[in-house]
Amino acid sequence: MSNSNKNYNRRAGTPSLIVGLSLAVIAAVIALIVSSQTNRNQEQKPVAQISSQNSSVVSTASRAESSEDSKKEEETIKRSGLEIRYIDVGQGNSTLVLLPDGKNLLIDAGPKESSDKLVSYLKNEKIKKIDYLIATNADVNDIGGMSSVIENFDIGRVYAPNVENIINSYETEKNVAEVYKSFTNALSAKKLIKLDASSGTHIYFSLSLTVDIISPNDSAYSDLNNYSTAVLLKYGQQKFIFMSDAENYSEQEIIDNGIDVTSDVIMIGNHGGSAASGKSFIKAVAPKYAVISCGANNSEGYPHQETLKTLEQNETKVFRTDLNGTITLKSDGMDELRLTPEKQAAKENSTPISESSSSESSTDSSAESQPSGDESENSTESEASQEATEDSATSAI
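Residues numbered from 1 in each chain as written. Predicted model: local features only at pLDDT ≥ 70, side-chain atom pairs only at ≥ 80, totals over all residues. Heavy atoms only, no water.

Considering empty space enclosed by the protein
Phase 1 of the analysis: According to the stated counting rule, one finds 1 cavity of 30 Å³ or more in the structure shown.
Phase 2 of the analysis: Every residue lining the largest cavity is listed: N93, S94, T95, I107, D108, T136, T229, F242, M243, S244 and M267.
Phase 3 of the analysis: When its residues are assigned to classes, the lining of the largest cavity shows 4 nonpolar, 6 polar and 1 charged. (1 Å grid on protein atoms, 1.4 Å probe; cavity = no way out; pocket = protein on both sides within 12 Å on 5 of 7 lines; lining within 4 Å. Points joined across faces, edges and corners; volume = space filled by probe spheres on them. Nonpolar A, V, L, I, M, F, W, Y, C, P; charged D, E, K, R; others polar.)

Structure (structure tokens):
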């Protein structure tokens, strides 16, 4: 074959080879596309199902979160004002403070023998958590029920004075060390930390309400009562002071520190004992109302006549848990203050407990305060007073 023919054959075969290769490549690409599309179609359904499941999970989670928020909102109901319950726990102290934002503060827990009564009272008030718990002192009358409270409720912050170095040698016949140990053991069981309760400690702060500790002012006292935690609560234009078992020495320290203790209501120190509520201190506080927490016919004879006389000279109206039961206070932080006793005290044993903002109510209250002429009249008046307890205990300041 000539060279020209060979060259012709090579030129003629080249296009065929190119076309063949091109067709093969195109076929491979088509096959790859088809395979990829098939896989994608196979995967689309599960992805859609997963997406749907995720959407369902998110939706369920959202509903659960919304439900939980609603539940929390129901449990933390904002109040229209401040409420204070001076609870009748017999010979001891226990005060429940219901803050306007829905939180609460419990000051002391009374004696051990009243712990069941206290726990029941708190549960009846729909309390599930104590946001701020203060054990003001180591006296068995005030912290005897602490372990029961800690065991039965969720607890937020706990405050107590540092008395560990003194209680082991103080009045062991009253089981002070044993009761205090029960308190600290209950804290340990729930892994709760006891914060120091000393003057200058801020427990709560908002634009309209503050809760501050104003005693003890030292770290060493000869008397256990002077380690007591005194609390000053300010709500708007009104103030409330809780003196725990603080005695005259501690009262003078508070005044010397320049603390403005003027208050509308004072919870009298040491259950009305004469070792507290000195004349100079009561004059400085200038309270319109005083609450004394003590047990009926208690062995100490509380409240002492010296204390009652001091309050009378200051024109302070007195409520007593031994005579009035639990006392409920409601405040709007401005000019309204209402104190409602659980029961009316016998006229011969109590200080007039009401002051009325209207002339009509004032006339009624004055009539109630008059001594009765005979037993039947006294009985009728007592029934009428019981029906009008809340009205007669309302005061505008």
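Focus: the sheet that holds strand β12 (residues 289-292)
Phase 1 of the analysis: The mixed open sheet is built from 7 strands, whose spatial order is β7-β8-β9-β10-β11-β12-β13. In this open sheet, the two strands that pair with only one neighbour each are β7 (202-205) and β13 (317-320). Averaged over all adjacent pairs, the angle separating strand axes in this sheet is 15°, with direction ignored.
Phase 2 of the analysis: Bridge count for strand β9 (residues 230-235) against strand β10 (residues 238-242) is 5 bridges, and the pairing is antiparallel. (Pairing = 2+ DSSP bridges. Helix = DSSP H or I, 4+ residues; strand = E, 2+ residues; numbered from the N terminus. Axes fitted to C-alpha atoms, helices over the stretch in contact; angles between N-to-C directions.)

A few points about the side chain of D131
Phase 1 of the analysis: Counting through the fold element by element, D131 comes out in strand β4 (residues 129-134).
Phase 2 of the analysis: K129 provides the closest opposite charge to the buried, unpaired D131, separated from it by 4.1 Å.
Phase 3 of the analysis: Among the polar contacts listed, one links the side chain of D131 to the backbone nitrogen of N104, at a separation of 2.9 Å.
Phase 4 of the analysis: Apart from residues lying up to four places away in sequence, D131 is in contact with K103, N104, G156 and R157. (Buried < 20%, exposed > 50% of the residue type's maximum accessible area, 1.4 Å probe, protein only. Lys, Arg positive; Asp, Glu negative; His and termini not counted. Salt bridge = Lys/Arg side-chain N within 4 Å of Asp/Glu carboxyl O. Polar contact = N/O pair within 3.5 Å; in protein donor to acceptor, adjacent residues only side chain to side chain. Contact = heavy atoms within 4.5 Å.)

Observations regarding the packing of aromatic side chains
Phase 1 of the analysis: Counting across every chain of the model gives 6 aromatic pairs.
Phase 2 of the analysis: Between Y132 and Y204 the ring centres are 6.1 Å apart and the planes differ by 80°, which places this aromatic pair in the edge-to-face class. Placement of Y132 in strand β4 and of Y204 in strand β7 is noted, with a sequence separation of 72 residues between them.
Phase 3 of the analysis: The class of Y132 is buried, set by a relative accessible area of 9%.
Phase 4 of the analysis: Note on Y204: relative accessible area 11%, which makes it buried.
Phase 5 of the analysis: One aromatic cluster is present, formed by Y221, Y227 and Y249 through successive ring pairs. (Phe/Tyr/Trp six-rings, centres within 6.5 Å; stacked < 30°, edge-to-face > 60°.)

Describing the nonpolar core
Phase 1 of the analysis: If you look at the biggest cluster of nonpolar residues, it comprises 37 residues, and the most contacted ones within it are L122, I130, I155 and F183.
Phase 2 of the analysis: Among the elements of the structure, β2 (95-98), α2 (115-124), β4, α3 (140-143), α4 (146-152), β5 (154-160), α5 (164-167) and α6 (176-189) are those that each provide at least two residues to this core.
Phase 3 of the analysis: With 6 residues, α6 is the largest single contributor of residues to this core.
Phase 4 of the analysis: Other than its neighbours up to four places away in sequence, L122 contacts L96, L106, I127, I130 and F153. (Core = buried A, V, L, I, M, F, W, Y, C linked by side-chain atoms within 4.5 Å.)

Comments concerning the pattern of salt bridges
Phase 1 of the analysis: All told, the structure shown has 8 salt bridges when counted by the stated rule.
Phase 2 of the analysis: Between R85 and E83 there is a salt bridge, with the nearest N and O atoms lying 2.6 Å from each other. Both residues of the pair, R85 and E83, count as buried.
Phase 3 of the analysis: D264 is the partner of K288 in a salt bridge, and the nearest nitrogen-oxygen pair spans 3.5 Å. In this pair, K288 sits in the loop between α8 (279-285) and β12 while D264 sits in the loop between α7 (248-256) and β11 (265-267), placing the two residues 24 residues apart along the sequence.
Phase 4 of the analysis: With a relative accessible area of 10%, D264 lands in the buried category.
Phase 5 of the analysis: It is possible to trace a salt-bridge network through shared partners that takes in E83, R85 and E125.

Topic: α6
Residues three or four positions apart in an α-helix share a direction because the helix packs 3.6 residues into each turn.
Phase 1 of the analysis: When the terminal C-alpha atoms of α6 are compared, their 20 Å separation across 14 residues agrees well with the 20 Å that a helix rising 1.5 Å per residue should span.
Phase 2 of the analysis: What α6 keeps buried is the set V176, V179, Y180, F183, T184, A186 and L187. Down the axis, α6 shows its buried residues gathered within 155° of arc, on one side only. Facing away from the buried side of α6 by more than 90 degrees, the exposed set consists of E178, S188 and A189.
Phase 3 of the analysis: Next to the buried residues of α6 lie α3, α4, β5, α5 and β6 (194-196).
Phase 4 of the analysis: Phi for K191, located one or two positions after α6, is positive at around 55°. (Expected span 1.5 Å × (residues − 1). Arc of directions from axis to C-beta.)

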